[in-house]
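Residue-level listing of the chains:
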Amino acid sequence: MASPPPKKPRLSPSPAITTPTIPTGTSISQSAAEAAVGITEYVNPTLPAWSGVLKQRYSDFLVNEVDEHGVVVHLKSTRAPSTTSQQEPKKDTSVNAIKPTTEETLVPVVVEEKTALEQLTAFVPADTAAAIIALSKTAPGSNDSITTPPIASKDLRSAFHGVIRTLFSSRLVTETSVAADPPSIVITRSNPATQAGERRRSKRGGKNHRNASWADLGGEYCHFTLYKENRDTMEVLNLLGRLLKLRGGNKSFSFAGTKDRRAVTSQRCAAHLVKAERLAGLNTGGDGGLRGARLGDFEYKPHGLSLGDLCGNEFVITLRQAESLSPGVALEDAVKMCVETVKRSGFANYYGLQRFGSFDVSTSDVGVYLLRGDWRGAVEKILSYNPALCSPSSSSEDDKFSRDDRERAAACEIYFTTYDFAKASSRMPRKYVAESAILRCLSERGNPGDGKGKGLDYLGAIQAIPRGLKTMYAHAYQSLIWNHVVSARLRISSTGVLPGDLIFAAAPQTEVEAEVDQHGELVISAGGAEEDDGIRRARALSAEEANNGKYTIADIVLPTPGWDIIYPENPALMEVYRSVMQKDGLNPMDMKRSVRDWSLTGSYRKVMSGFVDRECSYEVKRCRVGEQVVETDLETIEEAQTGEKRKRGLAAAKMEKEDGEEKEEEETVVVLRMRLSTSCYATMALRELMKGGVKAYKPEFGR
């Protein structure tokens, strides 16, 4: 887990910018860090407590994406798909050679009729499917054709084209007809003579050749599983862009959501106009090439991925040095009681600590400056640094901080002491995306200001930050306020429904493509309040509805501050919105801004969350100290290939004497397996399960 942020400082409405550095004291406890961002309540406060160390090894935290169809993503193969069936065999180009023979005419359907019928009826009625199969048996070049009923979805039409091509090995030709709306698909029998001529023409190259090639493969997007260890999603995609020398860099890739850094994760990504063979070839470099990542399970599709194209994530979490904190209650009994209770009740749907950043300055602090319109303050917050990292007396052998941390601090120091933007930009490591974007923008603008920070285009520098990242700052502040209000609501009642509580109103009929930020949170478009924008709205419960038993705490939602939401009709909760925001010089009833990115409409989030299908399993076991106890996807593949169990890593050998003989030390671990929906934090589930017993492990550099 990333280092927790320090307690949020109280800011005046017009703060004076003083020393733009981070205090060196970062030894804040987990509970204090949680309280600083409004996380204070439990749904089941009387359950026994137990403790364990989280993420001592990055392999103690396994995250596997769950796709839109509910399938858990696992890396199964790192090999590129075979292209043998797609390659054209050499043929005699004489006229006689390409004429269809009697044998060609009588070739049966490539697959059994029953199988073909089952697959086709997923798209068209049974009679249409039967007619398609019959058409495939006619003589090549037949003038017969079949037109399907209208298929409104573009994705379904694309999938149908692919199914026809796969089932009948190009014996049938499909073409979308736009004569009607929605479009239909016209199917005809292919003509071998015409196809041979087209193949000869396609070998000359050009645009048609390229398009035909991608169409034959299944689409211009190569979907693949990205498996990574102790790496950021964007960090790996940036590396792929450089290794493949893609003109668009990481913009050639799309994905459904980012995954934790200090973890072993598997997720689906898509590459535009990049062949599977090129991607698979990067695996041959081992860790020296992809550096802790592998690519596999390649599949071509006509569309890429968008943020939010997933159902959630499956977590397998190992907690080390586990022990009961409740006198008289054994560890296994405590774990069992907590798991069974939380499976039924759920847990508070707080935004977790990682929502507020992994550095000493919280992302919500930056959000305050942005909402105030203090662009310089926001830039200087983002570029804050720990001066101790720049001290000559700081030993390079001290592995408390990484080399990148020190380089970042040095770049920020150059900025604040010299305002030499080019030099600071060249020193800033690429992984710090926001800082790099700001310094690069100021350098390219060529405006030095007065040499003391005045006269610079601070708003332009902030706008240079990628949108998903820069909007995250304001969203983090909204999340902070939401956490405080949820805590106040749970203090009133963690089980009951109250008059004035909000629930989702009836779902809108209009379909819209929702925009989400890099954390998977909904971004409501500014300026669309008067339109039927398809965003889910909320309404307040009457006293009668609150007491009739139809609704539970699981139905209650609360809004993040914004100008296009309604607030709960509960004076105590409204006072929390006002009082917390007033300390920052902000007003929950005044959230419109002149800059679109920070004119926050607000959104609704459920107060409670829970395990998908109310399933959570656990195992309490003994193992050697530091032993990896759960197999990763890559280890499963390697063991299947070699037939041998891979020796998993151990911490530094710890031995103790027993009866004169050396014996390896052991520890007790608890392994939890759970599946959570999108934008739900596993750390908040652990908090409820362990009653604050999570011990955040602070790794030494490089571990």
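None of the values given here were measured: they were computed from a predicted structure.

Reading guide: rules and limits
- Residues numbered from 1 in each chain as written.
- Predicted model: local features only at pLDDT ≥ 70, side-chain atom pairs only at ≥ 80, totals over all residues.
- Heavy atoms only, no water.
- Helix = DSSP H or I, 4+ residues; strand = E, 2+ residues; numbered from the N terminus.
- Buried < 20%, exposed > 50% of the residue type's maximum accessible area, 1.4 Å probe, protein only.
- Contact = heavy atoms within 4.5 Å.
- Areas by Shrake-Rupley, 256 points an atom, 1.4 Å probe, with all protein chains shown as cover.
- pLDDT = per-residue confidence, 0-100.
- Core = buried A, V, L, I, M, F, W, Y, C linked by side-chain atoms within 4.5 Å.

1. Overview of the overall build of the protein
- Scanning the protein for helices and strands turns up 22 helices and 23 strands.
- For the protein, with 703 residues in total, the buried portion stands at 48%.
- At a minimum sequence separation of 6, the contacts of the protein that also span at least 24 residues come to 78%.
- Accessible surface for the protein amounts to roughly 34,100 Å². Of this, 48% is attributable to carbon and sulfur atoms.

2. Considering the confidence of the model for the protein
- Considering every residue of the protein, the mean pLDDT works out to 81; 78% of them sit at 70 or more.
- The low-confidence segment residues 509-515 (pLDDT under 50) makes ten contacts with residues lying over four places distant or belonging to another chain.
- Confidence drops under pLDDT 50 across residues 522-533; counting only partners more than four residues distant or on other chains, this segment forms 29 contacts.

3. Quick look at helix 13 (residues 375-382)
- Among the eight residues in helix 13, six count as buried, and that is most of the element.
- Among all positions of helix 13, only Gly 377, Ala 378, Val 379, Glu 380, Lys 381 and Ile 382 are buried.
- Of the surrounding secondary structure, the elements contacted by the buried residues of helix 13 are helix 12 (363-372), helix 14 (403-418), helix 16 (433-445), helix 17 (458-463) and helix 18 (467-492).

4. Details of the nonpolar core
- Among the nonpolar cores identified, the biggest contains 85 residues, and Tyr 415 and Tyr 473 are the most heavily contacted of them.
- For this core, the leading source of residues is helix 18, giving 13 residues.
- With residues near it in sequence (within four places) discarded, Tyr 415 still touches Val 379, Leu 383, Phe 421, Ala 424, Leu 439, Leu 442, Leu 456 and Tyr 458.
- If you look at the next biggest cluster of nonpolar residues, it comprises 30 residues, including Trp 50, Val 63, Ala 682 and Met 690.

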